[in-house]
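Now for the letters of each chain:
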Amino acid sequence: MRDFAPLLIIPAAALVVGPAHATEYLSIEQAQKAIFPEADSFIAAPVLLSKEQREAIEDRAGVKQRWEKQDVWRAEKNGELIGWFIVDNVVGKHEFITYAVGLLPEGKVKGVEVMVFKETYGDEIREASWRKTLEGKTLADPFKLDKDVPNISGATLSCRNVMNGVKRLLVLQQVALPTR
Amino acid sequence: MNSLTRLATTTFASLMLATPVLADENLLGYTIGAETLPKGGAEAYLWITHHGDKRRGSYAAQYLRAEYEYGLSDRTSVSAYLNAYRHAYDCGEEGCAGPLDEGEITGSLHKTQLSGFSLETKHMLLSPYKDDLGLALYGEVTYDTIDSITGEKGTGFELEGKVIFQKPYMDGQLQWLSNIEIEAESWKPEGGGNTEYSIAPRFRTGVAYRFAPNWFVGAEGWIDAEILNPANGSWEFDHWDLFAGPSLHYGGKDWWATLTWATQLAGSDESNDNSTGRHLADHEKYEVRLKIGYNF
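Residues numbered from 1 in each chain as written. Chains lettered and ligands numbered in written order. Predicted model: local features only at pLDDT ≥ 70, side-chain atom pairs only at ≥ 80, totals over all residues. Heavy atoms only, no water.

Undergrad: Explain the packing of aromatic side chains here, please?
TA: Aromatic rings considered in pairs are described by the distance between their centres and by the relative angle of their planes. Overall, the coordinates contain 14 aromatic pairs over all chains when judged by the stated rule. Ring geometry for Tyr45(B) versus Trp256(B): centroids 5.7 Å apart, planes at 75°, classification edge-to-face. Of this pair, Tyr45(B) sits in strand β1 (residues 42-52) while Trp256(B) sits in strand β11 (residues 255-267), and the two are 211 residues apart along the sequence. Among the residues examined, Tyr45(B) registers a relative accessible area of 5% and is labelled buried. Put simply, the rings of Phe36(A), Phe42(A), Trp73(A) and Phe85(A) pair up and form one aromatic cluster. Taking NZ or CZ as reference, Arg65(B) lies 3.9 Å from the ring centre of Tyr81(B), over its face. The ring of Trp222(B) carries the charged tip of Arg204(B) above its face, separated from the ring centre by 4.9 Å. (Phe/Tyr/Trp six-rings, centres within 6.5 Å; stacked < 30°, edge-to-face > 60°. Helix = DSSP H or I, 4+ residues; strand = E, 2+ residues; numbered from the N terminus. Buried < 20%, exposed > 50% of the residue type's maximum accessible area, 1.4 Å probe, protein only. Lys NZ or Arg CZ within 6 Å of the ring centre and 35° of its normal.)

Below is the structure:
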């Protein structure tokens, strides 16, 4: 490349050094306590999905189950199952969004917590007002943006993928987790 | 570099250095997506497009654009651009393009010049993530005082319209973008001469795949044609050309950058005594574009 003006790259190069941002908001323990404050123990129960199970999840949820292994904990109180705590990742615009979902044994969302979010727009999905729109959802709900789940402008991909992720985990619960 | 150009470059560089950066992004260098900034969002861009090599001689030019974009609503954004050109060519009397006995782009020029400004608006009709297929309309008007190819002074106006399509796959990890464009231009050289007009339809398409967090690899191409009404002439077909090449994109929380290299794969010969299968009068053998964006 001849006669390229190096001077013109200076403003570009200056951008390469940018400030780091704190984007990890909750640890696993903090998210567990936030969703199931009444639980007295969380027992790791990771799930290894077979190919057939992953295909079944994709068929019923309408989105791909990317991982064979899903991090799952039994939330218990006095030795009884009170729900499932699942940590999941979905595609954000630049990086994966890490979030946790609490599911009641009957297949209903108890709560959602965003643990790691690094996108430019859409910090609002961390706010309780948006996350609460997913609480109480079952597979009978539509899971449609701007219908039963509000969209956040500039973060539509994040909203859609977290919403679809929650639906996928409800299906995963039916496919791979025991009822008690 | 004249004082106006230096002032513009310094101002933009200072702006980039002094402000914390955010991001909206162009996954490819030339083909744009259907999304718009959210209401109240603002973004600064810097574009540098290097154009290299013509048929003969030594020819290089850089097209420089500094852009500020603002989200009027969640679906409509407006932009203002400052445009400049840097030319570095030694084409001699026979010229870097055109017939051997009647060369085009003659002489030498080594100069950076501020050319003019552009105003743009973009409106998203369908969101690629809510409606599956994103659709947006785009309009841009430009006032230029420098000929982008020769660096000669004059007065030019340009109107550009685009219909933008964006289709996400794999939860948005893979994006397919397409733009249908039409451009109408006028140019009147300084110091006399009549105005010439041109109309150029263009189709761009490309894909970008996120292969690692923050990183996209892509490929894009475009085909365009130009119909020309030269000064003292009548409307006639002038040329067509086809470009394609790879692209690399980094998008972080605060800023993004896209580097695209495109080569002219084919085009109509710019003169009867040139049978290279490329159009090298209005375009060059290759282009390299760096775009950097950051949101406020």
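Undergrad: Please explain a nonpolar patch on the surface as it appears in this structure.
TA: Residue and element names in this part refer to chain B. A surface patch of nonpolar side chains, about 1,100 Å² in accessible area, is lined by Ile180, Ile182, Tyr197, Ile199, Phe203, Ile223, Ile227, Trp235, Phe237, Trp240, Leu242 and Leu265. Mapped onto the secondary structure, Tyr197 falls in strand β8 (residues 196-212). Tyr197 gets classed as partly exposed once you look at its relative accessible area, which sits at 40%. (Patch = residues over 30% accessible without salt bridge, like charges linked within 9 Å, V, L, I, M, F, W, Y side chains within 5 Å. Areas by Shrake-Rupley, 256 points an atom, 1.4 Å probe, with all protein chains shown as cover. Salt bridge = Lys/Arg side-chain N within 4 Å of Asp/Glu carboxyl O.)

Undergrad: Can you walk me through the pairing of strand β6 (residues 153-169) of chain B in this structure?
TA: For a regular strand, side chains alternate in direction, first toward one face of the sheet and then toward the other. Residues and elements named next belong to chain B. The sheet contact formed by strand β5 (residues 134-146) and β6 spans 12 bridges and is antiparallel. Bridge pairing links Leu137 to Val163 in β6. Between β5 and β6, which follow one another and run antiparallel, lie 6 residues, and Gly151 among them has a positive phi close to 80°. Bridge count for β6 against strand β7 (residues 174-189) is 16 bridges, and the pairing is antiparallel. (Pairing = 2+ DSSP bridges.)

Undergrad: I keep staring at the environment of His239(B) and nothing clicks. Help me out?
TA: Residues and elements named next belong to chain B. You can see His239 is positioned in strand β10 (residues 236-251). Between the C-alpha atom of His239 and that of Asp144, which follows or precedes it by 95 residues, the distance is 22 Å. Among residues more than four places away in sequence, those in contact with His239 are Asp224, Ala225, Glu226, Ser268, His279, Asp282 and His283. Reaching out from His239, the side chain makes a polar contact with the side chain of Asp241 at a distance of 3.4 Å. Side chain to side chain, His239 and His283 meet in a polar contact 3.2 Å long. (Contact = heavy atoms within 4.5 Å. Polar contact = N/O pair within 3.5 Å; in protein donor to acceptor, adjacent residues only side chain to side chain.)

Undergrad: Hey, could you run me through the confidence of the model for chain B in this one?
TA: Low pLDDT marks regions whose predicted coordinates should not be analysed in detail. Residues and elements named next belong to chain B. The predicted model of chain B averages 89 in pLDDT, with 92% of residues at 70 or higher. In this model, residues 1-23 is a region of pLDDT below 50 whose contacts with residues beyond four sequence positions or in other chains number 52 contacts. Prediction confidence for the complex, expressed as pTM and ipTM, is 0.84 and 0.76 respectively. (pLDDT = per-residue confidence, 0-100.)

Undergrad: Which parts of the structure should I look at to understand the environment of Glu58(A)?
TA: All names here are of chain A. Looking at the element boundaries, Glu58 is found in helix α3 (residues 51-61). With a relative accessible area of 34%, Glu58 lands in the partly exposed category. Sequence separation between Glu58 and Leu145 is 87 residues; the distance between their C-alpha atoms is 19 Å. In this view, Glu58 contacts Val63 and Lys64; residues no more than four positions away in its chain are not counted.

Undergrad: Hey, could you run me through the sheet that holds β7(B) in this one?
TA: What links the strands of a sheet is backbone hydrogen bonding, and the strands pair in either a parallel or an antiparallel sense. Residues and elements named next belong to chain B. The antiparallel closed barrel is built from 12 strands, whose spatial order is β1-β2-β3-β4-β5-β6-β7-β8-β9-β10-β11-β12. Neighbour-to-neighbour, the strand axes of the sheet open up by a mean angle of 20°, direction not taken into account. Where strand β9 (residues 215-229) and β10 come together, 14 bridges link them in antiparallel fashion. Within β10, the residue paired with Ala219 across the bridge is Pro246. (Axes fitted to C-alpha atoms, helices over the stretch in contact; angles between N-to-C directions.)

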